[in-house]
Amino acid sequence: MLKAEAISKIYPMGEVEIHALRGVDLELESGELVVLLGASGSGKSTLLNIIGGLDTPSSGQLYYHDHALHKANDQQLTRYRRDHVGFVFQFYNLIPSLTARENVAMVTDIAANPMRPEEALERVGLSQRLHHFPAQLSGGEQQRVAIARAIAKRPDILLCDEPTGALDSSTGGIVLQVLQDINHELNTTTAIITHNAVIGDMADRIIRLSDGQIVDQHYNSSKRSAQELHW
Amino acid sequence: MTHHLTLLHKLGREVWQARAQLIAIALVVSIGVMVLLMMTSAKQSLTRAQQHFYQDYHYAELFVELTRAPRSLSEQVLELPGVAIVESRIRSAARVELPGYTDPIQAQLLSIPSQRDPLLNRLHFSSGYYPQTPQQVVISKPFAEAHQLQLYDSVTAILNGRRTELEIVGIAISPEFIYQIGPADIMPDYQRYGVFWLHEEALAAALDMDGAFNSISLQLQPGTDQEALKIRLDALFERYGGRGAADRDEQSSHRFLSEELKQLGTNAIFLPVLFLGASAFLFNIFMQRQIQTQRQTIAILKAFGYSQKAIFGHYLGYTVVVIFLGVVFGAILSRWLAAAMVELYSLYFNFVTLTVSIQWTTMAIALLVTLVAGFLGTWRAIYLAIRVPPAQAMRPATPINFHQSWINHLLASPWFTQGARIILRNLVRHPLRSGLTVFGIAISGGLLLFGSYQFNAITTMLERNYRVEQQMDVIVQFTQITDGQALASLAALPGVNYVEGFRSVPVRLRQGPQTYSTAVTAFSPDSQLRQLAGLARMPEQGIVLTEHLANYLGSPAGTLLDVEFIAERRIRTDVQVVATSAEAIGVGAYLSLATLNQQLYQSESLSGAWLLIDSQAKDALYTALNEMPQVAGYTHVREAEAKLRAYMDDTVLTAMSIIFVLAGSMTFAMVYNNARIALAERERELATLRVLGYSHTEIARILFGELFILVLLALPLGWGLGVLFALGMSHVISSELFRIPFVLSQQLFGWSALGVLTAATIAVMLMVRRLRRLDLIAALKSE
Ligand SMILES: Nc1ncnc2c1ncn2[C@@H]1O[C@H](COP(=O)(O)OP(=O)(O)OP(=O)(O)O)[C@@H](O)[C@H]1O
Ligand SMILES: [Mg+2]
């Protein structure tokens, strides 16, 4: 459903150019759960941002079904994000002036076929926290609200950049379990960036980046449940 | 020392980053500074010019006008205690003719002693010299310029009905006529009114004043009791038709100039306070924001061993930079505008020299005042921040604490969209900032309303004066008191449609300790051409006073007023004040012709007439009037009005645009600053929304929705403030010359709103560009 061919990303920094991605080829299958691993600075976030329509590649081609995202303008990318993509970030990025329910409603208000905010929050186990403001929630709860917000529109692709980066291991486990459940139940194509190789065990496929290139990828034969993971 | 250098680098970079915001603040500072410098230096230079002119050219301190007294009487005046110098002269009014100029010209004629220069009220010559023979004349410079008259040109004056050809031998100005305005005029009209100085013999012969005078000026010894001297003078001149000793305050030139200086003084305080206050507030929110984002930096600086003083100084650096910018920019602007102002003033005030220089002391005061404003705006924010112990400040900022409250419950209701909730919760979360921003915008809205109010009020004033109170086209003055016969001959002139007679008599009004010299105008209660403001009809009996005069004398309707008529005979009697009238221009007393005649024991007596004319036949009428010996002069009211209105339209436009720019910049700075801060605070939030698939327009709506609400709230408040300013103004500016009527129209409110909305729109448009460049990934990257 999503196909990247020879994607490069170059950041001009004054005199020098930084090659964040150097010719990445990648195809995401519908419903699969992919984990992206790699050293800091290897280009993981850059790749994810490009896939999610937050950024455009310097060269190469990127297709979502038959939409050529590499040629899309800002308006088209906005449309793409609104209709098809869900994001989860390391730092939650909830809107502090809205309650949990309202944060989710922010997305369901503009989506074509959303679930009710209450349902999304129930899926992440936060039915009891509907009217709490972000400041009144723990980090793990905030991250789960962020996930509820990302999945409420029933996205085709869910992109998570270090979703457990700011959480302790048991809270992180809960969050990952939520992601895995949703991947199962809604058949949402999911990509998770992490520094934690253990997390790769819950993936269908593990992709390793180094210096802007995919250096290794393999399918996981013994997929484990997120709750079984320990780190 | 090196670490201070590092801080300096930090300051420099941050100032550069925040330049747009700081410039917006500096703009408001500079307006405050500009107004302060401009008004103060204008006031200083006018005062200086006035003092020099008065001193160097011996402007008299007391004046007495009388009917006629022998020259020897001035010796007696000199004997009076406290009198230093005495100068007697002959004064008269006359009509003047210039070849090729058909409109009526009125001139004030003053005699210059033969054989010597005058001791008092000396002339400053642009060219020429005092008249040496009865055929020579010195004319006032503005009159000469208005008609492009040169030395040795000739002019014709109608002296006591006789045409006299005079040769111009001097063009001059006098400390008595710095503001040269005709007795009945509201504005100087240099084409239709001038001052002529003639050789003594010329006037003596024409007016039958040989060995006599009808005007005397005095200079006093220092420390003289003026009031006591006035009483002595009044007693002395009683027999000679003295109108009462008057000091400088009763001279129109001095009075206008004093009024102007007073008003400049008020403006020099009021406006800068507004603008510097606004800049202090802008500083405050800017610093709060700046410091909020730098909590950790401050903590680290402290942990590294920077003293609180060093950190305080560092943050105060912003203030210093902005104030420096503002003061420099304001000073440059004010130099520029002060020059323009001098130009404007020299159109109205005829000084020997009028130069505006901005003095160092004024500059220093401006700098000090501005620094104080800046410091007041910033110190608290900085102080609160550096007081926090480093350990506490270094902890990561907790998420902004929104929590349940009644307002949030209200907002939770399903009517609100998420966007509306974000907007409203943010507004409520910063009540002080929101409130002050509303107030700041409201002040500029108020200024806008106030600015347009002033001009609206002046237009209304003119409208009332010319369309309601004085409906005549032409006013004719007779050379002497006549009867109804004169009206018949006027009615027979070409183009005259309607004639009404009136009589004007100089009077002294007394009530207890208050005295006031003016003229009563007597006309028929059935007059079609003269209306008293606020009165349906002139009462048959008793006297009507202008409200302002009634207040001044403490003689409201119903009281008995001591009136001294200074006519052929002096008659002093008590007359009942039956009503007051609310004219906006000038002060006066009015009674019916019948009452006047009865008081003066006379049958019908008229001193002038009011005409309605056919403007097509204007020139023929002028020619005919010029031929009539009993006509001393005439004024075309309608033309004066037209001229005044044209002038007002020009001035209104200029002044309105200046006020629009000033107040508009304030609104702009307020809105822009608020938007910048809102964007800085919510960059992450807005980026998140973009990531979630919201478009530029949608997030712009959320960001600017807040501003929109602030501006909407500010509009009515601004109207309220503007109305208050206007009320204040109509109280403060209430003099004998004019009272600004308190009249409001819908347009005023419209202008104010338009100005505020325009400035806000400009600020928002600048922000839209910024919002478009919002870097989604960077905004989300770190905490
Ligand atoms: N806006 C930018 N300007 C310049 N260089 C950038 C920018 N964003 C990323 N880079 C560079 O691109 C490279 C890849 O960055 P990216 O954020 O994709 O790494 P990452 O794999 O996500 O690292 P981490 O695990 O630390 O998040 C890095 O060398 C980074 O310095
Ligand atoms: Mg990354």
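Everything numeric here is computed off the predicted structure, so don't read it as measured data.

(A) Broad picture of the overall build of chain A. Helix and strand content of chain A: six helices and ten strands. Computed over the C-alpha atoms, the radius of gyration of chain A is 17 Å, within 12% of the 17 Å expected from 2.2 N^0.38 for a compact globule of 231 residues. Along the three orthogonal principal directions, the C-alpha set of chain A runs to about 50 × 40 × 35 Å. Taken over 231 residues, chain A has a buried fraction of 56%. Contacts in chain A between residues at least 24 apart in sequence constitute 70% of all its contacts with a sequence separation of at least 6. Entry remark: accessible area of chain A is about 9300 Å², with carbon and sulfur atoms responsible for 44%. Placing the 20 positive and 28 negative side-chain charges of chain A at their respective mean positions leaves the two points 3 Å apart.

(B) Structural detail: the interface of chain A and chain B. Contacts between chain A and chain B engage 31 residues on the former and 33 residues on the latter. Contact with chain B buries area across many residues of chain A, yet Phe 91, Ser 97 and Met 106 of chain A alone supply 20% of it, more than any other trio. Here chain A and chain B share four salt bridges between them. Salt-bridge contacts for Arg 421 of chain B lead to Glu 102 of chain A; the nearest nitrogen and oxygen are separated by 3.2 Å. Broken down by secondary-structure element, the contributors of at least two residues to the side of chain A that touches chain B are α2 (74-84), α3 (100-108) and α5 (139-151) of chain A. A per-element tally of the side of chain A that touches chain B places α3 of chain A first, with five residues. Broken down by class, the residue content of the side of chain A that touches chain B amounts to 13 nonpolar, nine polar and nine charged.

(C) Region of the structure containing the site of ligand 1. Residues and elements named next belong to chain A. Ligand 1 sits among 15 residues. The nearest are Ser 40, Gly 41, Lys 44, Ser 45 and Thr 46. In this structure, an oxygen atom belonging to ligand 1 sits 3.0 Å away from a main-chain N or O atom of Gly 43. Residue assignment for the shell around ligand 1 shows that the elements contributing at least two residues are β1 (2-13), β2 (16-28) and α1 (44-51). Among the elements that take part in the shell around ligand 1, α1 stands out by supplying three residues, more than any other. Looking at the shell around ligand 1, its residues break down into five nonpolar, seven polar and three charged.

(D) Expanded view of empty space enclosed by the protein. Residues and elements named next belong to chain B. Under the definition given, this model contains three cavities of 30 Å³ or more. Estimates place the volume of the largest cavity at around 80 Å³. What lines the largest cavity is simply Glu 87, Ser 88, Arg 89, Ser 111, Ile 112, Pro 113, Pro 118, Leu 120, Asn 121, Glu 176, Trp 197 and Ser 217. Of all elements in the fold, only β2 (83-89) and β4 (101-112) reach the threshold of two or more residues within the lining of the largest cavity. Counting residues per element, the lining of the largest cavity draws most heavily on β2, at three residues. Here the second largest cavity is characterised by a volume of approximately 50 Å³. Counted by class, the lining of the second largest cavity contains six nonpolar, three polar and two charged residues.

(E) View of the environment of Ile 613 of chain B. Residue and element names in this part refer to chain B. Secondary-structure assignment places Ile 613 in strand β19 (residues 606-613). A relative accessible area of 10% means that Ile 613 is categorised as buried. Separated by 139 residues in the primary sequence, Ile 613 and Val 474 place their C-alpha atoms 7.5 Å from one another. Residues in contact with Ile 613, not counting those within four places in the same chain, are Asp 473, Val 474, Gly 495, Val 496, Asn 497, Leu 621 and His 636.

(F) A look at the sheet that holds strand β9 (residues 205-210) of chain A. Residues and elements named next belong to chain A. In space, the six strands of this open sheet follow the order β6-β7-β8-β3-β9-β10, with mixed pairing throughout. Looking at the sheet topology across the chains shown, the edges are occupied by β6 (85-88) and β10 (213-219). Sheet twist, expressed as the mean angle between neighbouring strand axes with direction ignored, is 20 degrees. As judged from the four bridges shared by strand β3 (residues 33-38) and strand β8 (residues 189-193), these two strands associate in the parallel manner. Paired with Val 35 across the two strands is Ile 192, which belongs to β8. Each of β6 and β7 (157-161) touches α5; the most contacted strand, β6, lies at about 170 degrees to it.

(G) Structural context of the packing of aromatic side chains. All names here are of chain B. Applying the stated criterion to the full structure yields 27 aromatic pairs over all chains. When the centroid spacing of 6.4 Å and the interplanar angle of 15 degrees are considered together, the rings of Phe 450 and Tyr 453 count as stacked. Taken together, the positions of Phe 450 and Tyr 453, both in helix α14 (residues 431-469) and three residues apart, correspond to about one turn of that helix. You'll find Phe 450 and Tyr 453 in the same group, each marked buried. An aromatic cluster is present here, built from Tyr 179, Phe 256, Tyr 345, Phe 349 and Phe 351 joined pairwise through their rings.

(H) Structural detail: the side chain of Thr 521 of chain B. As for its placement among the helices and strands, Thr 521 of chain B is situated in strand β14 (residues 514-523). Once residues lying within four places of it in the same chain are set aside, the contact partners of Thr 521 of chain B are Phe 502, Arg 503, Ser 504, Ala 589, Tyr 590, Leu 591 and Trp 610 of chain B.

(I) Highlighting helix α10 (residues 360-387) of chain B. All names here are of chain B. Its 28 residues place the ends of α10 38 Å apart at the C-alpha level, agreeing with the 40 Å of an ideal helix rising 1.5 Å per residue. Of all the bends in α10, the greatest, near 35 degrees, is centred on Thr 378. Along α10, the residues classified as buried are Thr 362, Ala 366, Thr 370, Ala 373, Gly 374, Gly 377, Thr 378, Ala 381, Ile 382, Ala 385 and Ile 386.

(J) Quick peek at unusual backbone geometry. For Arg 154 of chain A, which is not a glycine, the phi torsion comes out positive at approximately 55 degrees. Assignment of secondary structure puts Arg 154 of chain A in the loop between α5 and β7. A residue is classified by how much of its surface remains accessible, and Arg 154 of chain A, at 33% relative accessible area, is partly exposed. The phi torsion at Asn 121 of chain B lies on the positive side, around 50 degrees, for a residue other than glycine. Of note, Asn 121 of chain B is situated in the loop between β4 and β5 (124-128).

(K) Geometry of the UniProt feature "transmembrane region" (unreviewed entry) in chain B. Residue and element names in this part refer to chain B. Residues annotated in UniProt with the feature "transmembrane region" (unreviewed entry) correspond here to residues 20-39, 268-287, 315-338, 358-386, 435-455, 652-672, 707-728 and 748-768. What you have in residues 268-287 is 100% helix and 0% strand, and the ends, taken at the C-alpha atoms, are 28 Å apart. Within the segment residues 707-728, helix and strand shares are 100% and 0% respectively, and the terminal C-alpha atoms sit 30 Å apart.

(L) Up close: the pairing of β19 of chain B. Residues and elements named next belong to chain B. Summarising burial for β19: seven of the eight residues are buried, a large majority. Alignment of strand β12 (residues 474-482) against β19, held across five bridges, turns out to be antiparallel. Of the residues in β19, the one forming a bridge with Val 476 is Ala 609. With six bridges joining them, strand β13 (residues 496-511) and β19 adopt antiparallel strand pairing. Bridge pairing in β19 places Glu 500 opposite Trp 610.

(M) Expanded view of the sheet that holds strand β11 (residues 245-247) of chain B. Residue and element names in this part refer to chain B. Strands sit in the order β2-β10-β1-β11 across an open sheet of four strands; the sheet is antiparallel. Pairing within the sheet leaves two strands with one partner each, and these edge strands are β2 and β11. Across the sheet, the mean angle separating the axes of adjacent strands is 25 degrees when strand polarity is ignored. Where strand β1 (residues 62-70) and β11 come together, three bridges link them in antiparallel fashion. Looking at the pairing, Val 64 lines up with Ala 245 of β11.

Criteria and thresholds
- Residues numbered from 1 in each chain as written.
- Chains lettered and ligands numbered in written order.
- Predicted model: local features only at pLDDT ≥ 70, side-chain atom pairs only at ≥ 80, totals over all residues.
- Heavy atoms only, no water.
- Helix = DSSP H or I, 4+ residues; strand = E, 2+ residues; numbered from the N terminus.
- Rg over C-alpha atoms; globule rule 2.2 N^0.38 Å.
- Buried < 20%, exposed > 50% of the residue type's maximum accessible area, 1.4 Å probe, protein only.
- Contact = heavy atoms within 4.5 Å.
- Areas by Shrake-Rupley, 256 points an atom, 1.4 Å probe, with all protein chains shown as cover.
- Lys, Arg positive; Asp, Glu negative; His and termini not counted.
- Charge placed at Lys NZ, Arg CZ, Asp CG, Glu CD.
- Buried area = accessible area lost by both parts, 1.4 Å probe.
- Salt bridge = Lys/Arg side-chain N within 4 Å of Asp/Glu carboxyl O.
- Nonpolar A, V, L, I, M, F, W, Y, C, P; charged D, E, K, R; others polar.
- Near = heavy atom within 4 Å.
- Polar contact = N/O pair within 3.5 Å; in protein donor to acceptor, adjacent residues only side chain to side chain.
- 1 Å grid on protein atoms, 1.4 Å probe; cavity = no way out; pocket = protein on both sides within 12 Å on 5 of 7 lines; lining within 4 Å.
- Points joined across faces, edges and corners; volume = space filled by probe spheres on them.
- Pairing = 2+ DSSP bridges.
- Axes fitted to C-alpha atoms, helices over the stretch in contact; angles between N-to-C directions.
- Phe/Tyr/Trp six-rings, centres within 6.5 Å; stacked < 30°, edge-to-face > 60°.
- Expected span 1.5 Å × (residues − 1).
- Bend = angle between axes of the 7 residues up to and from the residue.
- UniProt positions renumbered as here; feature names shortened; annotations may be inferred.

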